[in-house]
Amino acid sequence: MKYHSTRGNAPVLTFEQAMLTGLARDGGLYLPETIPTFSKADIAAMAGLSYEEIAFRVMRPFTGDTFTDEKFADLIAKAYAGFGHAARAPLVQVAPNHFLLELFHGPTLAFKDFAMQLIGQMFEFALKRNGERVTIVGATSGDTGSAAMEAFRGLEAVDLFILYPHGRVSDVQRRQMTTPSEANVHALAVDGDFDTCQAAVKDMFNDFDFRDDVRLAGVNSINWARVLAQVVYYFSSAVSLGAPHREVSFTVPTGNFGDIFAGYIAKQMGLTIDKLAIATNQNDILHRTLETGVYSTEGVKPSISPSMDIQVSSNFERALYYAYGSDGAAIAQQMDELKQSGAFTVSQGAISALRDTFASGRASEGETAAAITRYHADHGELLCPHSAVGVHVAEGHLGATPMITLATAHPAKFPNAVEAASGVFPALPARMADLFERDERITRVTGGVSDIKTIIKDRI
Ligand SMILES: Cc1ncc(COP(=O)(O)O)c(C=O)c1O
Ligand SMILES: N[C@@H](CCOP(=O)(O)O)C(=O)O
């Protein structure tokens with residue numbers, strides 16, 4: 001399996017190279033040359049398998065000769081062994097045709113652990129075998145950073161730098177990033193918002209001297225391996241509700257579009273998905289784009305679902321690539337326009353292709369809080385604010401097809417918003433009970449990208 005860039009002007013890579021590379025050298029994102037498909041019988045045969053077995057079947061066609069089958073199965077087993085639920089991603093029914101997919105039983109209590117725990121294993125194996133060392137730089141609005149810290153802390157072949165927006169992540173998220181004591185992980189508090197952090201990471205990738213000098217790698221969802229690992233729970237949940245013999249729909253709380261794009265890949269692989277509903281908070285650029293056909297950035301507005309406070313949604317580029325019939329030149333042009341003017345208009349053909357697969361909706365701050373209140377009172381479910389955005393939007397799309405809403409984080413990561421809406425202060429799991437007693441290690445960055453590069457070079 002080979003991987004090429006969405007902008008069509010970067011080296012074609014193997015799975016291993018794409019995983020260790022991050023952003024393509026033309027600024028695009030890597031995608032597989034073809035998407036392998038499963039027959040109905042292949043999908044039906046997943047019923048009753050463990051999460052790990054489904055993970056192996058779903059991901060194996062993409063990984064080429066990076067791992068032997070035995071090694072890959074071993075890495076998957078290690079990745080999910082530390083999850084706090086035997087099913088890894090359990091489904092909970094909240095209405096006759098509405099289910100929550102709980103993706104917060106991993107070590108840092110958010111869906112990011114599903115991919116990051118596996119990527120940590122895959123990086124360690126590949127780097128050790130190759131005798132290589134990399135510098136990973138990541139941007140976070142809170143959850144990617146904590147999941148990456150947990151997955152990479154203490155690994156010999158990796159230095160990890162996480163850029164987070166100063167003052168815009170929850171206290172639990174910040175402490176998950178700033179309290180690991182291992183010398184190879186570094187939390188950098190940057191002035192600005194998530195988009196500022198993500199732009200800085202992309203700038204570093206586009207500075208080829210720096211990139212090659214520090215051997216830069218990325219673990220944001222620009223990394224194809226992140227998306228791939230997230231495809232698995234679409235299969236596991238749909239199959240447990242009767243796929244491929246019946247269709248299901250998903251509602252996905254969305255920011256950087258990685259998670260819902262994984263659902264799009266599952267559908268392309270043959271999973272019987274009807275609609276994929278994009279759920280945004282008041283930073284509703286993706287909902288507006290689906291409605292108007294114009295992708296137009298506005299300033300990020302801080303919300304009670306801070307991990308989704310994003311305007312420049314990286315993986316939308318991957319969806320656009322397919323909507324434009326795999327035309328890399330058209331994508332490069334649209335992305336140039338975005339850079340120059342902060343907006344671009346999606347062609348008629350592409351927007352109708354997107355609308356064929358994706359629905360969308362938004363939740364205001366009040367609607368998000370009301371969903372937390374309602375689900376607690378009516379269903380006994382304490383939702384994190386991101387999952388609350390999801391259920392609010394899902395309720396607008398319920399019908400005959402079963403709807404699965406992704407519950408993307410544990411309420412205890414956002415206790416203040418949850419308590420304000422439900423009256424219940426959600427406790428952290430016992431293994432994290434001392435999080436607020438641990439020492440923090442933070443590097444404040446008040447300058448721009450060149451200051452960040454200097455810090456990185458000094459530390460590695
Ligand atoms: C808790 C939570 N929910 C939803 C999202 C949105 O996911 P994505 O960026 O993949 O669209 C994020 C951040 O990415 C998140 O941390
Ligand atoms: N919400 C994310 C933002 C980064 O998204 P990613 O999926 O591209 O890593 C976060 O929590 O950091």
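Residues numbered from 1 in each chain as written. Chains lettered and ligands numbered in written order. Predicted model: local features only at pLDDT ≥ 70, side-chain atom pairs only at ≥ 80, totals over all residues.

Per an unreviewed UniProt entry, the recorded name for the protein is Threonine synthase, and the organism is Nereida ignava. Of the protein, the UniProt comment under Pathway (unreviewed entry) reads exactly: "Amino-acid biosynthesis; L-threonine biosynthesis; L-threonine from L-aspartate: step 5/5." Its UniProt record gives the protein a comment under Catalytic activity (unreviewed entry), which states: "O-phospho-L-homoserine + H2O = L-threonine + phosphate". (UniProt positions renumbered as here; feature names shortened; annotations may be inferred.)

### Overview of the sheet that holds strand S5 (residues 134–139)
Strand order in the open sheet formed by five strands is S8-S5-S6-S7-S15, with parallel pairing between adjacent strands. The open sheet is flanked by strand S8 (216–217) and strand S15 (443–445), the only strands paired with a single partner. In this sheet, strand S7 (residues 185–190) lies alongside strand S6 (residues 158–165) in parallel orientation, the contact comprising six bridges. Within the sheet, the bridge partner assigned to Phe 161 lies in S7 and is His 186. (Pairing = 2+ DSSP bridges. Helix = DSSP H or I, 4+ residues; strand = E, 2+ residues; numbered from the N terminus.)

### Some remarks on the site of ligand 2
Close contacts around ligand 2 come from 14 residues, with Thr 140, Asp 143, Thr 144, Asn 220 and Ser 221 the closest. A total of three residues in the shell around ligand 2 trace back to one element, the largest contributor, which is helix H6 (residues 143–152). When the residues that make up the shell around ligand 2 are grouped by side-chain class, the tally is one nonpolar, 12 polar and one charged. (Near = placed C-beta within 6 Å. Nonpolar A, V, L, I, M, F, W, Y, C, P; charged D, E, K, R; others polar.)

### Considering the sheet that holds strand S10 (residues 273–280)
Here six strands make up an open sheet; going across it, the order is S3-S4-S14-S9-S10-S13 and the pairing mixed. In this open sheet, the two edge strands, each paired with only one partner strand, are strand S3 (91–95) and strand S13 (358–362). In this sheet, neighbouring strand axes are inclined to one another by 25 degrees on average, regardless of whether the strands run parallel or antiparallel. Two strands pair when backbone bridges link them, and strand S9 (residues 248–253) and S10 are joined in this way by five bridges, in the parallel orientation. Counted as the bridge partner of Thr 251 is Ala 277 from S10. (Axes fitted to C-alpha atoms, helices over the stretch in contact; angles between N-to-C directions.)

### Regarding the nonpolar core
Residues Ile 119, Ile 162, Leu 163, Val 231 and Phe 235 are the most contacted members of the largest nonpolar core, which totals 155 residues. With 12 residues, the single largest contributor to this core is helix H10 (residues 224–240). (Core = buried A, V, L, I, M, F, W, Y, C linked by C-beta atoms within 7 Å. Buried ≥ 20, exposed ≤ 12 C-beta atoms within 10 Å, placed from the backbone.)

### Let's talk about the site of ligand 1
Near ligand 1 there are 16 residues, and of these Asp 143, Asn 256, Asp 259, Ser 307 and Thr 408 occur at the shortest range. For the shell around ligand 1, the element with the highest residue contribution is helix H11 (residues 258–268), accounting for three residues. Class assignment of the residues belonging to the shell around ligand 1 gives a composition of six nonpolar, eight polar and two charged.

### What about helix H5 (residues 112–130)?
For H5, with 19 residues, the first-to-last C-alpha span of 26 Å sits near the 27 Å given by 1.5 Å per residue. Positive phi shows up at Gly 131, right after H5, with a value of about 65 degrees. (Expected span 1.5 Å × (residues − 1).)

### Here we look at the UniProt feature "modified residue: N6-(pyridoxal phosphate)lysine" (unreviewed entry) in the protein
The UniProt record marks Lys 112 with the feature "modified residue: N6-(pyridoxal phosphate)lysine" (unreviewed entry), using the residue numbering of this structure. Among the structural elements, Lys 112 can be located in helix H5. Dropping the residues within four chain positions of it, Lys 112 is found in contact with Asp 143, Thr 144 and Ala 147. (Contact = placed C-beta atoms within 7 Å.)

### Some remarks on helix H15 (residues 348–357)
Every α-helical turn comprises 3.6 residues, leaving residues that sit three or four positions apart pointing alike. Those residues of H15 that fall on the buried side of the exposure criterion are Ala 350, Ile 351 and Leu 354. Relative to the axis of H15, the buried residues are bounded by an arc of 95 degrees and lie together on one face. The exposed set on the far side of H15, more than 90 degrees from its buried face, consists of Gln 348, Gly 349, Ser 352 and Asp 356. Contact partners of the buried residues in H15: helix H12 (285–292), helix H13 (316–323) and S13. (Arc of directions from axis to C-beta.)

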